[in-house]
Amino acid sequence: MLDSIGYKSTKIEDAMYMNELTTLNLGPTHPATHGIFQNVLLMDGEKIVAGESTVGYIHRAFEKIAEQRPFYQITTLTDRMNYCSSPINNMGWWMTVEKLLGVQVPQKAQYMRIILMELARIADHIICNGILGVDSGAFSGFLYIYQWREHIYDIYEEVCGARLTTNMGRIGGLERDFSEKAIAGIKKLLKEFPAVLKEFETLFNRNRIFMDRTIGVGAISAERALNYGFTGPNLRACGVDYDVRVNEPYSGYQDFEFDIPVGENGDTYDRFMVRNEEMWQSLRIIQQAMDKLPKAEGSYHANDSRYYLPPKQEVYKNMEALIYHFKIVMGEIDAPVGEVYHCVEGGNGELGFYLISDGGRTPYRLHFRRPCFIYYQAYTEMCKGQQISDAIMIMSSLNVIAGELDA
């Protein structure tokens, strides 16, 4: 549509010419957006008529920064994508590098990784479902379950010394074995968290107010979700049982028994229920891994001195260990020429790393497949016809992590 001076307007502006509508900026600086991104919504009173989403307010350029860094120094960048489940990002990156280098990871290290990744999945879903409750006006459930996220962070701290951005793991395995304190923390979670999760479900699953705010809200069909490229809980809520851990097993997931929760309607309520059930399945996987761990073959790391850092005590007193430590950290060992893609089942879906190596010491090209960036494109379509209060619920149920949008 052209106005009197020849200006070509957007679809939103076209609608405003024809109707008495208003424009609302939801974000980028709004507490309910849970991050730095903007949604320009066209409103007919409280009803959302159309919308446009904008990302790019963080400007971090992780992929280009990574192309100037040795492989070891890229791990801290992966932390900052989905910071609610950093260990999954870390492990996914190490598996990608190991695929390029041809490093074989011992079974014990694989099972340890699975335990840490499933702990991260639980922590991620605690945040998503807890905040979804807050956005519907129920604060108590979030406060009650949130303490267990802190308990998981205590386990992280014992394993690697960090809590939120963990920088966890190494090429070929982990930096250290599980301590007695870490094992005790995991066992405590397995023993005590189920009762808490059950009570959390009791607070919400059949709560009439919560059901009214979520059932039928922000629904998307399986066909549309697949067209957008949805994966993870948001796709499974539509009834599609795609899970990377089953379809393309990694790190020994084929050795474990667990179910893939699916929904039917692809709405906010189904997304909540799928994530709740996934926490139960993660507990089931962790218990199996803890049972298998004592009998697992190998050590907590691969025996490959080219890429695995020597023990710190050796570095302090052995010149050869110091030299290898320096060469590995500073990236002075050339990688083979190759092109690899590896994906893991992140907290929000398929988290992939596409790596091209030209035989140098840094990636020639690196691309992160961030699930949030992909399904966020459907957000305004899912909001169309809903109320402004529903837009907040839909965003929470999608679990849009700003760190995965602008990488």
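Not measured: the values here are computed from a predicted model.

Okay, the sheet that holds strand E6 (residues 365–369) next. Strands sit in the order E4-E5-E6 across an open sheet of three strands; the sheet is antiparallel. Looking at which strands have only one partner, the edges of the open sheet turn out to be strand E4 (337–346) and E6. Between one strand axis and the next, the sheet turns by 10° as a mean value, whatever way the strands run. Strand direction decides the pairing type here: strand E5 (residues 349–358) and E6, joined by five bridges, are antiparallel.

The next point concerns the side chain of aspartate 390. Relative to the assigned elements, aspartate 390 resides in helix H17 (residues 388–398). Setting aside anything within four residues of it in sequence, one finds aspartate 390 in contact with Arg213 and Val217.

Turning our attention to the packing of helix H12 (residues 268–292) against H17. Between H12 and H17, the least distance of the axes is 9 Å, while the angle of their chain directions is 30°. As summarised for this structure, H12 and H17 are arranged roughly parallel, according to the angle between their axes. The handedness of the crossing between H12 and H17 is left-handed. Every residue of H17 that contacts H12 at Thr268, Arg271 and Arg275 is listed here: Met393, Ile394, Ser397 and Leu398. Its residues assigned to classes, the contact of H12 with H17 comprises three nonpolar, two polar and two charged.

A cluster of nonpolar residues, Val134, Phe139 and Leu143, forms a patch on the protein surface that exposes about 270 Å² of accessible area. By secondary structure assignment, the location of phenylalanine 139 is in the loop between helix H5 (107–135) and helix H6 (140–160).

A separate point is the packing of aromatic side chains. Enumeration over the complete set of coordinates arrives at 20 aromatic pairs. The interplanar angle of 45° and the centroid separation of 4.8 Å between the aromatic rings of phenylalanine 142 and tyrosine 146 together place this pair among those described as tilted. Taken together, the residues phenylalanine 142 and tyrosine 146, both in helix H6 and four residues apart, mark about one turn of the helix. Seen in terms of ring centroids, tyrosine 376 and tyrosine 379 are 5.9 Å apart; in terms of plane orientation they differ by 15°. Their pairing is stacked.

Attention now goes to the nonpolar core. The biggest cluster of nonpolar side chains holds 113 residues, and the ones touching the most others in it are Ile115, Leu119, Ile122, Phe178, Ile186, Phe193 and Tyr379. Contact partners of phenylalanine 178, with chain neighbours within four places excluded, come to Met112, Ile115, Leu116, Val159, Ile183, Ile186 and Leu293.

Take the pattern of salt bridges next. All told, the structure shown has 22 salt bridges when counted by the stated rule. Note that glutamate 63 and arginine 370 form a salt bridge whose closest N and O atoms lie 3.7 Å from each other. With glutamate 63 in helix H2 (residues 62–66) and arginine 370 in the loop between E6 and helix H15 (371–375), this residue pair connects regions lying 307 residues apart in the sequence. Residue classification places arginine 370 among the buried residues on the basis of a relative accessible area of 7%. Between arginine 236 and glutamate 345 there is a salt bridge; the shortest N-O distance is 3.1 Å. Of this pair, arginine 236 sits in helix H10 (residues 232–236) while glutamate 345 sits in strand E4; the two residues are 109 residues apart in sequence, bridging distant segments of the chain. A relative accessible area of 1% places arginine 236 in the buried class. A relative accessible area of 0% places glutamate 345 in the buried class. Residues joined in a network through salt bridges with shared partners are Glu118, Arg121, Arg236, Asp243, Arg245, Glu278 and Glu345.

The subject of this paragraph is H6. The first and last C-alpha atoms of H6 sit 31 Å apart over 21 residues, in line with the 30 Å expected at 1.5 Å per residue. Of the surrounding elements, those touching the buried residues of H6 are helix H4 (86–101), H5 and helix H7 (180–204). Note on H6: the residue one or two positions beyond its end, glycine 161, has a positive phi of about 90°.

In this section: the side chain of glutamate 201. The topology assignment puts glutamate 201 in helix H7. Nearest to the buried, unbridged glutamate 201 among oppositely charged side chains is lysine 198, at 4.6 Å. Each residue touching glutamate 201, except ones within four places of it in the same chain, is listed here: Asn276 and Trp280.

The next subject is the sheet that holds strand E3 (residues 47–54). Judged by pairing direction, the sheet is antiparallel, and its three strands sit side by side in the order E1-E2-E3 without closing on themselves. Edge positions in the sheet fall to strand E1 (22–26) and E3, since each of these pairs with one other strand and no more. Across this sheet, the average inter-strand angle for adjacent strands is 25°, counted without regard to direction. Alignment of strand E2 (residues 38–44) against E3, held across seven bridges, turns out to be antiparallel.

Omega for the bond connecting glycine 27 with proline 28 falls within 30 degrees of zero, at 5°, which places this linkage in the cis form. For histidine 59, which is not glycine, the phi torsion reads 55° and is therefore positive. Position of histidine 59 relative to the elements: it lies in the loop between E3 and H2. We note that serine 251 has phi near 55°; this positive angle belongs to a residue other than glycine. In this structure, serine 251 sits in the loop between helix H11 (244–247) and H12. The exposure class of serine 251 is buried, given its relative accessible area of 11%.

Bringing the packing of H7 against H12 into the picture now. Direction vectors running N to C along H7 and H12 enclose 160°, while the axes themselves pass 11 Å from each other. Comparing the axis directions of H7 and H12 gives the class roughly antiparallel. Seen along the crossing, H7 lies across H12 with a hand that is left-handed. Facing H7, whose interface residues are Ile183, Ile186, Lys187, Leu189, Leu190, Phe193, Pro194, Leu197, Lys198, Phe200, Glu201 and Phe204, H12 presents Phe272, Asn276, Met279, Trp280, Leu283, Ile286, Gln287 and Met290.

Rules of the game
Residues numbered from 1 in each chain as written. Predicted model: local features only at pLDDT ≥ 70, side-chain atom pairs only at ≥ 80, totals over all residues. Heavy atoms only, no water. Pairing = 2+ DSSP bridges. Helix = DSSP H or I, 4+ residues; strand = E, 2+ residues; numbered from the N terminus. Axes fitted to C-alpha atoms, helices over the stretch in contact; angles between N-to-C directions. Contact = heavy atoms within 4.5 Å. Parallel < 35°, antiparallel > 145°, perpendicular 65-115°, else oblique. Left-handed = near helix turned anticlockwise from the far one by under 90°. Nonpolar A, V, L, I, M, F, W, Y, C, P; charged D, E, K, R; others polar. Patch = residues over 30% accessible without salt bridge, like charges linked within 9 Å, V, L, I, M, F, W, Y side chains within 5 Å. Areas by Shrake-Rupley, 256 points an atom, 1.4 Å probe, with all protein chains shown as cover. Salt bridge = Lys/Arg side-chain N within 4 Å of Asp/Glu carboxyl O. Phe/Tyr/Trp six-rings, centres within 6.5 Å; stacked < 30°, edge-to-face > 60°. Core = buried A, V, L, I, M, F, W, Y, C linked by side-chain atoms within 4.5 Å. Buried < 20%, exposed > 50% of the residue type's maximum accessible area, 1.4 Å probe, protein only. Expected span 1.5 Å × (residues − 1). Lys, Arg positive; Asp, Glu negative; His and termini not counted.

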